[in-house]
Amino acid sequence: MISQEEYIQLKAFARQDGLLIGALWIITFGCFVGSMSAPDIQIGFIAGVIATPFVMYYRLKRFRNNILGGSISYGRALTFCLLTTAYASLIIAAATMIYMTFFDDGMLMSTLQRNITMPEMQQSLKQAGMDPEKLETQLAEMGRLRPIDFTFSIFFNCIITSGLMAIVIALAGKRQKRQEQSN
């Protein structure tokens, strides 16, 4: 069990690291949106998605080694990771809301719909066992979402996926102090 002071400290570092992860996610989202008009930018999106668990582990390890003296329990590591990703999820949700409300003007969904109707994409979808017509219908439904609905979807997706990621990262990052044996 951790003390009130230790919990406050954990939350403070989780907020700072949540800001860092949130910034990474904003850049990743920007690369995704940018890749609609410049496909070369998609590498930034892929790199951001792949980098997230590694950055999270690095921040947990840094917190463990520099602040806690090299040891952290699984429970505290999990709490740190969950709080960090919760803060990051709030940040990306706010950025998504701002983007969808003031800047997008339907560009994201119309570009996705236009890409789905391309003959080579239709053929690729069929080869993958997907029904292009169903996908077009689903995208049309998504296009009718209000920015707040899209934002909540992003927020909950981030919470769920990063929560699962936190379980694994906390397990990898936990470290107990070894008991010294007296001779």
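Look up: the structure comes first, before these words.
No experiment lies behind these values; they were computed from the predicted model shown.

Undergrad: Describe the overall build of the chain, naming the residues involved and giving the relevant values.
TA: For the chain, the helix and strand inventory stands at seven helices and zero strands. In sequence order, the chain lays out its α and β elements as α-α-α-α-α-α-α. Scaling as 2.2 N^0.38, a compact globule of 183 residues should have a C-alpha radius of gyration of about 16 Å, whereas the chain reaches 20 Å, well beyond that. Here the C-alpha coordinates of the chain stretch approximately 75 × 35 × 25 Å along the principal axes. Out of the 183 residues belonging to the chain, those deemed buried represent 34%.

Undergrad: How would you summarise the nonpolar core if you had to cite specific residues and measurements?
TA: Of all hydrophobic cores here, the largest spans 34 residues; its most connected members are Trp25, Leu60, Phe80 and Cys81. Every element with two or more residues in this core is listed here: helix H1 (4–34), helix H2 (42–67), helix H3 (74–104), helix H4 (107–116), helix H6 (132–143) and helix H7 (147–173). A per-element tally of this core places H3 first, with nine residues. If we skip the residues at most four places from it in the chain, Phe80 touches Leu10, Phe13, Ala14, Asp17, Arg59, Leu60 and Phe63.

Undergrad: Pulling in residues and values, what's your account of the side chain of Thr52?
TA: With respect to the helices and strands, Thr52 occurs in helix H2. Taking relative accessible area as the criterion, Thr52 reaches 6% and is therefore assigned buried. One polar contact links Thr52 to Trp25, side chain to side chain, over a distance of 3.1 Å. If near-sequence neighbours (up to four positions away) are discounted, Thr52 is found in contact with Ile21, Leu24, Trp25 and Met165.

Undergrad: Quick rundown of the environment of Thr96? Include the residues and the values.
TA: Structurally, Thr96 can be placed in helix H3. Spatially, the C-alpha atom of Thr96 lies 8.3 Å from that of Phe29, the residues being 67 residues apart in sequence. If we skip the residues at most four places from it in the chain, Thr96 touches Phe29, Phe150, Thr151 and Ile154. Only 2.7 Å separates the side chain of Thr96 from the backbone oxygen of Ile92, close enough to count as a polar contact.

The rules we used
- Residues numbered from 1 in each chain as written.
- Predicted model: local features only at pLDDT ≥ 70, side-chain atom pairs only at ≥ 80, totals over all residues.
- Heavy atoms only, no water.
- Helix = DSSP H or I, 4+ residues; strand = E, 2+ residues; numbered from the N terminus.
- Rg over C-alpha atoms; globule rule 2.2 N^0.38 Å.
- Buried < 20%, exposed > 50% of the residue type's maximum accessible area, 1.4 Å probe, protein only.
- Core = buried A, V, L, I, M, F, W, Y, C linked by side-chain atoms within 4.5 Å.
- Contact = heavy atoms within 4.5 Å.
- Polar contact = N/O pair within 3.5 Å; in protein donor to acceptor, adjacent residues only side chain to side chain.

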